[in-house]
Amino acid sequence: ASAQFQLAVPVAVVFAPGSVPGDLPRPLPFRDVQEMEISVNLRTSITSRYETVYRSTTAQEEAALDVATAREADAALHLLQDASLGTLTVYVVPETSSHLPQGISVYVGKHRSALVRAGGGLAALRTRLQQLMQVMSFTASSIAAALSDRVPDGQLGPDARRHLKSSLGYEITFSLLNPDPKSHAVDWDIEDAVNRYVQPVLDKLSLVANFSVDSQILYYAVLGVTPRFDKESSSFLLSAHSLPHVINPVEARLGSSAASLYPVLNFLLYVPERSHSPLYIQDKDGASVSTNAFHSPRWGGIMVYNVETPASPQTSLPLHVDVDMVRVMEVFLAQLRLLFGLSREELPPEFLLESPGNEGLADWELDRLLWAHTVENIATVSTTLTSLAQLLDKIGNIVIKDDVASEVYRAVTSAQSAMAKLAVGHLHSAFQASKEAVTSSERAFFDPSLLHLLYFPDDQKFAIYIPLFLPMAVPILLSLAKIVREARQRKKEPTKMD
């Protein structure tokens, strides 16, 4: 199915006093539209439209900018902004402004705005704006990754298939693996850690999908690879190439994904057994990984947590271990960001990004995720409905019930509505419509009234009816054969002549 996406990004460029470039084409305020083509494949084209309004600061914005640091300015300006999703506000401050540290010309806040140092006229400002849009809204690669099913393999970057596919929900499982409970009695306060570190991030992501979190402790669960002993460091090592083999045996014990409707993200904390302690993970170059953890795309992550060996050999076993949850959660949250494709891209050196703090992701990062997921949802609906149409074409005697038809109509209408909302820059309502379209298209595709026809093809009908009709057909066929034989016999016999 072909699709022409238009993604409109409403941008406001606001000039503080003393920052207006001398070469503006016309007096402020004025509007400007810039379009960019993103090529995906022959049948899917994407046009991104940056609809920019150039204006001067209001008195309130001037007051908000009259603070010492960029961080304070960001917080004060946030209260005055249009907070709708997918919009960007760029404040241009004078070249001599003390808001931005030395050598920094662009400061990206944790909401939906940025501060840019003036200087170099309109052309230089436009270049910076262009870079900013790439950071704060979407890039050709983030959209290509969302449409990875439609993009020819050669055109995708290495990270394109790492992210989780868009889903209406996700299940997150934290597992503590203790293969040697005789030696280690491990305690982890997972409930408090989830409330403190994970929940704020999930609250922020609740717009994107529903999340459920659970945890478990597994005893005697070992990794599928025996680590190699290294004499120099007197420690055990897991090399990068053996990491893929670690997951399978462990996954058999996790048991959560089997009954799940949604994708499951697994975060495993592994306390190595005493005979393999301490255990370190090595990267491809043989250097030890600082976090002692690794992640597997679309699956989750594993962190190895080494226990201090007691100083005196007389210490009674099992050793009591209290897990440092701050250290563990830092790693798991970084892996969660990677799985959602929220990893920070390489930025020009004059850019400074504000850390998102306790919420784990900035507002503009949430928007980035929504842009990608909206496009992916619409593409998924288009593929699902095309498959359904092809399938129904193949089954001649199918009856499509009214409720299936209405789900198909609803899916098409919602997808069209999402496309229209994207074209005018209403990201939030576009995303909601794309979610409704996915729900309806899946309901139609998996409707029970269609399913049993798929499993009842013609050859199965023969297989069912032949055993019923064969016993009756045998005597009928035999007697038919007898009649034919007798008729032939009669023809052969010459008629008697008197």
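Now for a description of the structure that goes with this document. (Residues numbered from 1 in each chain as written. Predicted model: local features only at pLDDT ≥ 70, side-chain atom pairs only at ≥ 80, totals over all residues. Heavy atoms only, no water.)

Of the regular secondary structure elements, the protein chain holds twelve helices and 17 strands. For a compact globule of 498 residues, the expected C-alpha radius of gyration is about 23 Å, and the protein chain comes in at 32 Å, more than 25% above that figure. With respect to the three principal axes, the spread of C-alpha positions in the protein chain is 140 × 80 × 35 Å. Here the protein chain holds 498 residues, and 46% of them are scored as buried. Partitioning the intrachain contacts of the protein chain with sequence separation of at least 6 by distance along the chain shows that 75% fall at a separation of at least 24. Surface summary for the protein chain: the accessible area is close to 26,100 Å², and the carbon and sulfur share equals 56%. (Helix = DSSP H or I, 4+ residues; strand = E, 2+ residues; numbered from the N terminus. Rg over C-alpha atoms; globule rule 2.2 N^0.38 Å. Buried < 20%, exposed > 50% of the residue type's maximum accessible area, 1.4 Å probe, protein only. Contact = heavy atoms within 4.5 Å. Areas by Shrake-Rupley, 256 points an atom, 1.4 Å probe, with all protein chains shown as cover.)

With that settled, the discussion passes to the nonpolar core. Judged by nonpolar contacts, the single largest core of 89 residues is most densely connected at Leu7, Leu132, Phe174, Leu205, Leu269, Phe340 and Leu422. The residues touching Leu205, leaving out its near neighbours within four places in the chain, are Phe211, Phe340, Leu361, Leu366 and Leu369. Listed in part, the 20 residues of the second largest apolar core include Leu238, Val246, Tyr270 and Phe294. (Core = buried A, V, L, I, M, F, W, Y, C linked by side-chain atoms within 4.5 Å.)

This paragraph deals with the sheet that holds strand E11 (residues 235-238). Strands sit in the order E10-E11-E13 across an open sheet of three strands; the sheet is mixed. For this open sheet the edge positions go to strand E10 (228-230) and strand E13 (279-281), each flanked by a neighbour on one side alone. Here the average twist between neighbouring strands, direction ignored, is 40°. By the bridge criterion, three bridges tie E11 to E13 in an arrangement that is parallel. In the sheet register, Phe236 faces E13, and the bridge partner there is Leu279. (Pairing = 2+ DSSP bridges. Axes fitted to C-alpha atoms, helices over the stretch in contact; angles between N-to-C directions.)

This brings us to the pairing of strand E6 (residues 113-117). Summarising burial for E6: five of the five residues are buried, a large majority. The two faces of E6 match: Ser113, Leu115 and Arg117 on one face and Ala114 and Val116 on the other face are all buried. In terms of strand pairing, strand E4 (residues 88-93) meets E6 through five bridges, oriented parallel. Each bridged residue has a counterpart across the sheet, and for Val90 the counterpart in E6 is Ala114. Relative to E6, strand E5 (residues 106-108) runs antiparallel, the two sharing three bridges. Considered in E6, the bridge of Tyr107 is made with Leu115.

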